[in-house]
Amino acid sequence: MPFIHTPPSWQLPEKLITPELAFMNRRRFMKALIGAGAGAATVGLTACQPPEAVDPELEKTLGQPLSGIERNPNFLNAGRDLTKQTYASRYNNFYEYGGTKTIWPIAQNLPTDPWTVEVSGLVKNPQTYDLDDLTQRFPLEERIYRFRCVEAWAMVVPWIGFPMKRLMEAVEPTSQAKFVRFTSFYDAEVCPGPAWGFALNLPWPYVEGLTVEEMANDLAFFAVGIYGRTLPKQHGAPIRMVVPWKYGFKGAKSIVKIEFVAEQPATYWNTISPNEYAFEANVEPEVPHPRWSQSKERLLGEGTNPYAWETQPTVIYNGYGEYVASLYT
Ligand SMILES: Nc1nc2c(c(=O)[nH]1)N[C@H]1C(S)=C(S)[C@@H](COP(=O)(O)O)O[C@H]1N2
Ligand SMILES: [Mo]
């Protein structure tokens, strides 16, 4: 079927923006007008969300404030309210630190300083970046994205980072490069793994992959921050992948290596259970997971029982068909 350019319905009406967000955006718009002249007026100035008071234990895990980050005007809202950080940052999947959703305290053992990311393989210009190189070389921006786990929970979070394609431009993949392999930090000394994993030979480190075309897509993002601050460890500090049209497991955390390769790489979940975790793993309501129908999802939030029934309809490509459907025709 030819690709028809239809903006997702949730991007259309202005009235879908929550009143608070609309107010914040207008204020920034005025500030930009006053501070930077008409030329810069289409981009908001800073990215700080209205500060949310969180539990002091959670507060201790949060990163450094990031200021002066531009909000990308294409991703100011996702047609749904932002998820409060008190939910998003205490309900995680990070199996290196355990098999439950409450790994946020133990994930604090992840050592993030110093940190380097090696970019190698089929590229003209291999690089090893430290975190300062990355954040100075690639301008940071804020994007509010929907996020959908294959387990049917979903959230809406403000990431801070840079488009993956900027890094591709810097390293220049050769024409032989067809796939990209992303490797997460792993050290058996600090990563106990899930309690149920003791008898299994789990294929650490966590590895994920994309095609080069997917990595070059506008939406594919490296996040170094969330909710106006650097990433907390539970979200994959100091740098993780965000691929919002795919299920959450495609977004590997705490990236240490990025390799451009000719063949589709073996990935962590696809190796463990290929019929449950496809390599492609786009959000598709019509394609059930063996253990979850994918037709509905549930939003993390107040009053939500973590095991409550899903009520929100799932949207093809998580609502991002406008950007990505042409990759799959
Ligand atoms: N290294 C690593 N990355 C990972 C995972 C993991 O266990 N290890 N879990 C994935 C899954 S299943 C999901 S849903 C998201 C969860 O991201 P969040 O905890 O920041 O919401 O991280 C993904 N990235
Ligand atoms: Mo997930």
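Per chain, the residues get numbers from 1 upward, laid out in the order the sequence is written. Here chains are named by letter from A upward and ligands by number from 1 upward, in the order in which they appear as written. Totals for whole chains, interfaces and linings use all residues, but because this is a predicted model, local features are given only for residues with pLDDT of at least 70 and pairs of side-chain atoms are given and counted only at 80 or more. Here the side-chain values reflect all heavy atoms present in the structure, with hydrogen atoms and water set aside.

1. Points about the overall build of the chain
So, point 1. From N to C terminus, the chain includes eight helices and 13 strands.
So, point 2. Residues count as neighbours in contact if any of their non-hydrogen atoms are within 4.5 Å of one another. Long-range contacts, defined here as pairs at least 24 residues apart, represent 73% of the contacts in the chain between residues at least 6 apart.
So, point 3. Within the structure as shown, the chain displays about 15400 Å² of accessible surface, and the carbon and sulfur contribution to it stands at 55%. By the criteria applied, helices consist of DSSP H or I runs no shorter than four residues and strands consist of E runs no shorter than two, each listed in order from the N terminus. Each accessible area is a Shrake-Rupley result for a 1.4 Å probe, and residues are judged covered by the shown protein chains and nothing else.

2. A word on the sheet that holds strand S7 (residues 207-211)
As a general point, the strands of a sheet are linked pairwise by backbone hydrogen bonds and lie either parallel or antiparallel.
So, point 1. When DSSP finds two or more bridges between a pair of strands, those strands are recorded as paired. Taken in spatial order, the five strands of this open sheet run S3-S2-S11-S6-S7, and their pairing is mixed. The open sheet is flanked by strand S3 (127-130) and S7, the only strands paired with a single partner. Geometrically, the sheet is characterised by an average inter-axis angle of 15° between neighbouring strands, direction not taken into account.
So, point 2. Bridge analysis of strand S6 (residues 179-184) against strand S11 (residues 255-261) gives six bridges, and the strand direction is antiparallel. Within S11, the position partnered with Phe182 by the bridge is Ile258.
So, point 3. Between N-to-C directions, angles span 0 to 180 degrees; the directions come from axes that are lines fitted to C-alpha atoms, helices contributing only their stretch in contact. Along the sheet, helix H5 (residues 164-171) makes contact with strand S2 (116-121), S3, S6, S7 and S11, crossing S3 at roughly 135°.

3. Regarding the site of ligand 1
So, point 1. For each residue, the test is whether any non-hydrogen atom lies within 4 Å of the molecule or strand; if one does, the residue is near. Taken together, 18 residues are adjacent to ligand 1, and Tyr95, Glu96, His235, Gly251 and Lys253 come closest.
So, point 2. Think of a polar contact as two N or O atoms within 3.5 Å of one another; within protein, one of them needs to be a possible hydrogen donor and the other a possible acceptor, and neighboring residues in sequence only count if both atoms come from side chains. Between ligand 1 and Tyr95, the relevant distance is 2.8 Å, taken from an oxygen atom to a main-chain nitrogen or oxygen of the residue.
So, point 3. Between ligand 1 and Glu96, the relevant distance is 2.8 Å, taken from a nitrogen atom to a side-chain nitrogen or oxygen of the residue.
So, point 4. Here ligand 1 has 540 Å² of accessible area as a free molecule, and 99% of this is covered by the chains.
So, point 5. In the shell around ligand 1, the residues fall into nine nonpolar, six polar and three charged. Under the scheme applied, nonpolar residues are Ala, Val, Leu, Ile, Met, Phe, Trp, Tyr, Cys and Pro; charged residues are Asp, Glu, Lys and Arg; polar residues are all the others, including Gly.

4. Here's the deal with the nonpolar core
So, point 1. Grouping buried Ala, Val, Leu, Ile, Met, Phe, Trp, Tyr and Cys residues that are joined through side-chain atoms within 4.5 Å yields what is termed a nonpolar core. Classification of residues uses two cut-offs on accessible area relative to the type maximum, computed with a 1.4 Å probe and protein chains only: under 20% is buried, over 50% is exposed, and between them is partly exposed. By size, the foremost hydrophobic cluster in this structure holds 77 residues, and its most contacted members are Trp159, Leu167, Phe182, Met215, Phe222, Ile258 and Phe260.
So, point 2. Top element by residues in this core is strand S5 (residues 153-163). It accounts for six residues.
So, point 3. Setting aside anything within four residues of it in sequence, one finds Ile258 in contact with Val117, Glu118, Val119, Ser120, Leu167, Val180, Arg181, Phe182, Met215 and Phe222.

5. With respect to the environment of Val207
So, point 1. Looking at the secondary structure, you find Val207 in strand S7.
So, point 2. In this structure Val207 comes out as buried when scored by relative accessible area, which is 4%.
So, point 3. For the pair Val207 and Gly251, spaced 44 residues apart in the sequence, the C-alpha separation amounts to 9.6 Å.
So, point 4. In contact with Val207, not counting residues within four places along its chain, are Arg181, Phe182, Thr183, Ala266, Thr267 and Tyr268.

6. Focus on H5
So, point 1. Where H5 is concerned, the buried positions are Met164, Leu167, Met168, Ala170 and Val171. All buried residues of H5 lie within an arc of 160° about the axis, which places them on one face of the element.
So, point 2. Following H5 by one or two positions, Glu172 has its phi on the positive side, about 55°. In this description, one arc is meant: the one made by directions from the helix axis to the C-beta atoms.

7. Some details on the environment of Leu122
So, point 1. Position of Leu122 among the secondary structure elements: in the loop between S2 and S3.
So, point 2. When the C-alpha positions of Leu122 and Glu259 are compared, they lie 7.5 Å apart, and in sequence the two are 137 residues distant.
So, point 3. Excluding anything up to four places from it in sequence, Leu122 contacts Pro173, Thr174, Gln176, Ala177, Phe260, Val261 and Ala262.

8. Focus: the pairing of S7
So, point 1. S7 sits mainly inside the fold: five of its five residues count as buried.
So, point 2. Across five bridges, the pairing between S6 and S7 is antiparallel. In the strand pairing of S7, Phe182 is matched with Glu208.

9. A few points about the side chain of Thr86
So, point 1. For Thr86, the location among the structural elements is in helix H3 (residues 85-88).
So, point 2. Among the polar contacts made by the side chain of Thr86, one reaches the side chain of Arg90 at a distance of 2.9 Å.
So, point 3. Beyond its immediate stretch of four places on either side in the chain, Thr86 contacts Glu52, Val54 and Leu58.

10. A few points about the packing of aromatic side chains
So, point 1. We call Phe, Tyr and Trp rings a pair once their centres come within 6.5 Å, taking the six-membered ring for Trp, and we label the pair stacked below 30 degrees between planes, edge-to-face above 60, and tilted otherwise. Throughout the structure, instances matching the rule amount to 23 aromatic pairs.
So, point 2. A ring pair is formed by Tyr95 and Trp269, whose centres lie 5.1 Å apart and whose planes are at 80°; its orientation type is edge-to-face. Residue Tyr95 is found in the loop between H3 and S2, and its partner Trp269 is found in helix H7 (residues 268-272); the two are separated by 174 residues along the sequence. Judged on exposure class, the residue Tyr95 and its partner Trp269 are both buried.
So, point 3. Measuring from ring centre to ring centre gives 5.6 Å for Phe162 and Phe222, while their planes differ by 50°; the resulting arrangement is tilted. Highlighted residues: Phe162 in strand S5 and Phe222 in strand S8 (residues 221-226), separated in sequence by 60 residues.
So, point 4. An aromatic cluster of at least three residues, connected via ring pairs, comprises Tyr95, Tyr186, Trp196, Trp204, Tyr206, Phe249, Tyr268, Trp269 and Tyr277.
So, point 5. Counted as over-ring charges are cases with an Arg CZ or a Lys NZ within 6 Å of the ring centre that also lie within 35 degrees of the ring normal. Between the NZ or CZ atom of Lys101 and the centre of the ring of Tyr91, over which it lies, the distance is 5.9 Å.
So, point 6. The cationic tip of Lys250 hangs over the ring face of Phe279; the distance from NZ or CZ to the ring centre is 4.1 Å.

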